[in-house]
Structure formats: structure tokens, C-alpha cells
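The primary structure of each chain is shown beneath.
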Amino acid sequence: MPAAPPLPEAPLPATRRLAVEQVAAGLSVFLGIPAVALRRTRRAETNHDLALLPALLPVQAPAILALAVQMVSEADDPELCERLKEPFEALRKAVAADLRGSRRPIIAAAIARGWPWRFVSTVGDLLQIGEGARAVRLSASGSRHTRAVATSIASDKSLANALLHRAGVPVARQALVQTADEVVRLAEQVRYPVVVKPVALRRQQGIQFVHRREQAEAALRRAGESGQAVVAESYLPGPEHRILVVDGQILAAFERAAPVVVGDGRSTIDQLVATANAAPDRGDWRLGAALSPIKLDAAAIEFLESRGWRPDSVPPAGVAVECHPLPFVGVGGGRRVDSTERIHPDNRAVAVRALAVLDLDAGGIDFRCPDISRSWREVGAGICEVNPRPDLSAHYLPGLERDVGALFLDLRAPPVQNGGRIPQILLLADPDPRRRAALAARAAGAALGWRVAAGWPGGGELDGAACYAELANLPAMVAMAVETLVVDAAIYAAAPRDLLATGLGVGQLDLALVAPGSGRERAAALDALAAARVPVRPLPRQDAALAAAVLDAMRPFCETATGAAARRGE
């Protein structure tokens, strides 16, 4: 297990529960989870020995809590670290999967802006920014602006290439191929090498290079192992640039540096690669290494031989040797260089036009050009692929500093009043006031013209109609309301023990109306609400007074109600 980073100074926990909370919070930092995902709610000690962690990572939060409990319970066991290696590594991989690709930078941007975010509970990888009628949903970098037909077209490399070519966009020359002879025929027209790849796979899967006639059959067979149709295309020389275009704007671009070693006049390419790979900044990039080891795999050896080199060749001093035809992180590509400001206007126009031709709202364009600062008409260039729903995490590799997650989120979820939140109110009483919650929701909905959800243990309603039959706790009530994109506000009814058992389940509550009474559970619930900075007022006895209190809490949100209704198409 890697050594944990030092945690901020904190007072020693007074109870086992607080110790578990502190360890769980530390684990979340160590695992790279945004801090809000495991925000804890302090409360007075009760007989409920639980940490109150909103499960914004719905699967992993319980696992993190269980690991924290084990670490606290068995802290004196000298074998604990050894036993925890396997479960910790499994948890690390699971968290990395939850936050893979575009999600981490988008979540970080939402947190920086104070916008609520969550994974939609019914679909674990669907990200939601905002709540209820003020929310937007994202799947990777796809949104409601992303057309399914456009995504399908762009994902078909053959069809996309043909459409772009017809529109005058410079692209690699390409053909669908079924036989080795067809690969060779294209190579004879465009010159070797040619690239052979499946028609619809992403992330460089199945890519083969053909440098000589006798390689065509094996390359075609390997590319066809996916079961997809196969295309062959001309190899475009020059550095490759990933250009991110969203809504007709170029948000960012970077140059992918090929894996390179520089000769010293004494060492073979094999030895130069071994020396480069021994550098401290090379390792597993998924564990934080700046660069991956350079791979001299079969594709690299073929590429070297096509340029007159072999692994045992000794390059002259100062001569740079490209070691692989793919300039990607996984094969040892170098540091990325931001090229956003260097793109020639003609090249910018080509990138924007490519997305317009494919009817895409957002795309990652792989553009090969000898010099991105000069026009493609002058130096020659072409688009290899246009990737729909592009992976924003590619723009956070070492050497890049542009916060594309923030730029993207500002286009997809523009700031609105109250940060995209809907008003949420808790009625806290024992027994729980479900009847009064329903009445207050109907009254508020009628007064404001809103759709107000009401929830309680076991059920709920929206627009006066019963629904949500299986609401077991407060987090389930919150999910019911904030994940329903027609809900303008929500009222929850719960008893103090419900709050203590599961926590609030929401990052911010606008008002808690608490019934009079006494007892440890009520006192502990009040402590929890105070720690979460929830305004607390007495629960009115009269229904009219309750409706007035609810309306007072909702009125600050009224200015955005018209916009919410417009987004619903009303």
C-alpha cells in the first residue's frame, strides 16, 4: 500500500464515531474523491454509532466507511496494513472507475462554483449538476445537446471520413477493406505506411500499421478481431494535436509528443529506452507518474525499421529517434504541450467546420499537422478522427494547465440563481408529520405554480398524486426530489431517529421546522442540523402558518422559476 499523505491537523477524536468519520474523510482525500462526496455532519453523541456521510458516490461511500471502521477497530493490530492491501487496492480501482474520464474535472468545476452534484442513483455513471428542474445531466461530456444520430455518425470512422471529405475538410484518405489486396491497393496509392483499424472502436483499440505488403493480411486479421468492419487509411505525418471544440468554440488544444530518445553516439536504441524508462518521472501514470515507460512493442519495432533503425542501432549523438507511431501516454509519449493559442485561423476553421458537418455539439478532433501555427493549405494536414463525447481528462495530463472542465461546465450548466439548487425543507417531528408535509407541498405548489414533491418514510407524492412507494430514509427522499427534473421544490417529513440513522442526504437544506419536545434523539438531531448550518424554526401548529413558513423559505428561489418552466417546455 502506498504511503498516505499527511492529513491536516485535527483534534484527537473524543469518540469512536468521530474517529471513524475522520479516517473516512482522510481516506476520501487519499483516494482522490472530491471532499464534498464524504462531507460529514457532526452531532452530539448518541447510542447511534454512525458516521453521517452523504452517499454521492453511491456504491463506494459505504465501502469507504466500512474500511474506516475496520481501521479504527483494529488500529493496534500489527498485521492490519498487510490485510488491508487487497481491499484498499480494490477500493482505489473502484473509485478511479467512478471518477474516470470527464467526470473528475467536471465535478471539480462544480465544487469550485458551489453547484450541487451527484451521480444519479438509478444509473451509477450518470452525472447530475444542479437539482430538480434546475439540473442538467451529463454522460461523460455528452449532454441533452448531444444528438444520438450525430454521435452514431461520428463513431463510424468510415462514414464520418466520407462526410468530412465531401465537405472539403482535409482528412486521411480512407477505404473500407475486407481483403489484404485491398489494403495493399490503398497503400500503393497513398504510400506506406497505412493504418488499419476497426470502424468504430475508440481509445486506439485495434489499430495496426502496415509498412510492407506482407504485413497486410496479419494487420487486417488483428484489426478485425473486434467483429467490426475495418478501414485502411493513409498515415498522416507530423505531430498530432487534440483539439476540443464545444458549441463552435475551440476550448483547448494540445500537442501529443511522440516517445523519443536522443542518441549519444555510444548507446543502442534499446539502451537509450532503458535509461529513459529508469527516470523517476516514468511509471504507471494511473498512479500519478508524469510519463509512462516507452514501449518497444511490435508496432514500435516495425516503425523503427521503416525509418532505417533497429533496437540495436546506435544513433549519432544529438539525433532524436521517434520510437513509436502512436504519440500516446500508454506507449511512453512525452509531455503534452498546450497549442491552443498557436492554432492558425485556417486550422481553427477546419476544426469548427468538422463538428458542424457531423452535427456534433462537442468533439475531440485528432489533427495531424507539421506546424499547427501554419495553415493546413500551406504545410499539409488532416483529421484522423473526430471523437464524440470527448474525454476531458486528456487535457489534464502533465504539461497542461488549462481547466477545460470549468470551461465546459460553464457552457453546459450556466450559473443560475442559488447555484442550481431547489429549495428543500425538512419537517422534523415524532411521529413524522407526513400529512402536513403533503398539505404544505400542495399549498406551496398552488401558490407559486410549482411542482413541489413531498416525501416521508415509505412514500411520497408529486402534484398531489401518490408516488415513490419505497422511500426508506432521508437520502432516498432527497434522491426522489432532486433527481426528478420537473421538481421545483421539496418538503421532507422525518422523525429525529430517521435523521440520526442516515444523515441529511443533501449538501444544503434551506429550513428545518422542528416540533417541540425533549429527549436525547431530538437534542442530537438539533445538533446535527446546527452543525450542517440549517436554519431551524419551530414547526407551526396550524396548517396555514405552516404553509406561510414554507412559502417564506421558497420565495428567494422564485426568480428562476420561469427559467425552470421554460426548460421543461411549458
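The structure under discussion appears in the preceding block.
What you see is a predicted model, and the numbers here were worked out from it, not measured in a lab. (Residues numbered from 1 in each chain as written. Predicted model: local features only at pLDDT ≥ 70, side-chain atom pairs only at ≥ 80, totals over all residues. Heavy atoms only, no water.)

Enquirer: Is there a simple way to explain the sheet that holds strand E1 (residues 117–119) in this structure?
Expert: Sheet strands associate in pairs through backbone hydrogen bonding, adopting either a parallel or an antiparallel arrangement. On the basis of which strands lie adjacent, the open sheet formed by three strands has the order E1-E2-E3 and antiparallel pairing. At either margin of the open sheet sits one strand with a lone partner, and together these are E1 and strand E3 (136–138). Each adjacent strand pair in this sheet contributes to an overall mean axis angle of 25°, direction not counted. Summarising the sheet, E1 and strand E2 (residues 127–129) pair through three bridges and their orientation is antiparallel. Across the sheet, residue Arg118 finds its bridge partner in E2, namely Gln128. (Pairing = 2+ DSSP bridges. Helix = DSSP H or I, 4+ residues; strand = E, 2+ residues; numbered from the N terminus. Axes fitted to C-alpha atoms, helices over the stretch in contact; angles between N-to-C directions.)

Enquirer: Honestly, the pairing of strand E19 (residues 489–494) in this entry has me stumped. Any pointers?
Expert: Each regular strand displays side chains that alternate between the two surfaces of the sheet. For E19, the tally of buried residues reaches six of six residues, placing the bulk of the element in the interior. Alternating positions in E19 separate into two faces, Ala489, Ile491 and Ala493 on one and Ala490, Tyr492 and Ala494 on the other, with burial throughout. As judged from the five bridges shared by strand E15 (residues 424–428) and E19, these two strands associate in the parallel manner. By the bridge assignment, Ile425 is partnered in E19 with Ile491. Pairing geometry for strand E16 (residues 452–456) and E19, over four bridges, is parallel. Paired with Ala453 across the bridge in E19 is Ala490. (Buried < 20%, exposed > 50% of the residue type's maximum accessible area, 1.4 Å probe, protein only.)

Enquirer: Would you explain helix H2 (residues 60–73) in this entry?
Expert: For H2, with 14 residues, the first-to-last C-alpha span of 20 Å sits near the 20 Å given by 1.5 Å per residue. All of the buried residues along H2 are Gln60, Ala61, Ile64, Leu67 and Ala68. Along the long axis of H2, the arc covered by the buried residues comes to 125°, so they all point the same way. (Expected span 1.5 Å × (residues − 1). Arc of directions from axis to C-beta.)

Enquirer: Explanation requested: the sheet that holds strand E4 (residues 174–177) in the structure shown.
Expert: Judged by pairing direction, the sheet is antiparallel, and its four strands sit side by side in the order E4-E7-E5-E6 without closing on themselves. Sheet topology places E4 and strand E6 (208–210) at the edges, where each strand pairs with a single neighbour. Pairwise comparison of adjacent strand axes, ignoring direction, gives a mean angle of 30° for this sheet. Where strand E5 (residues 194–198) meets strand E7 (residues 230–234), five bridges bridge the pair, whose relative direction is antiparallel. Within the sheet, the bridge partner assigned to Lys197 lies in E7 and is Val231.

Enquirer: Teacher, can you tell me more about the packing of helix H4 (residues 103–113) against helix H13 (residues 404–412) here?
Expert: A packed helix pair is summarised by two numbers, namely the angle formed by the two axes and the spacing between the axes. Packing of H4 against H13 brings their axes to within 8 Å, and their N-to-C directions diverge by 70°. The angle between H4 and H13 falls in the class roughly perpendicular. For the pair formed by H4 and H13, the contact residues are Pro105, Ile106, Ala109, Ala110 and Arg113 on the first element and Gly405, Ala406, Phe408, Leu409 and Asp410 on the second. (Parallel < 35°, antiparallel > 145°, perpendicular 65-115°, else oblique. Contact = heavy atoms within 4.5 Å.)

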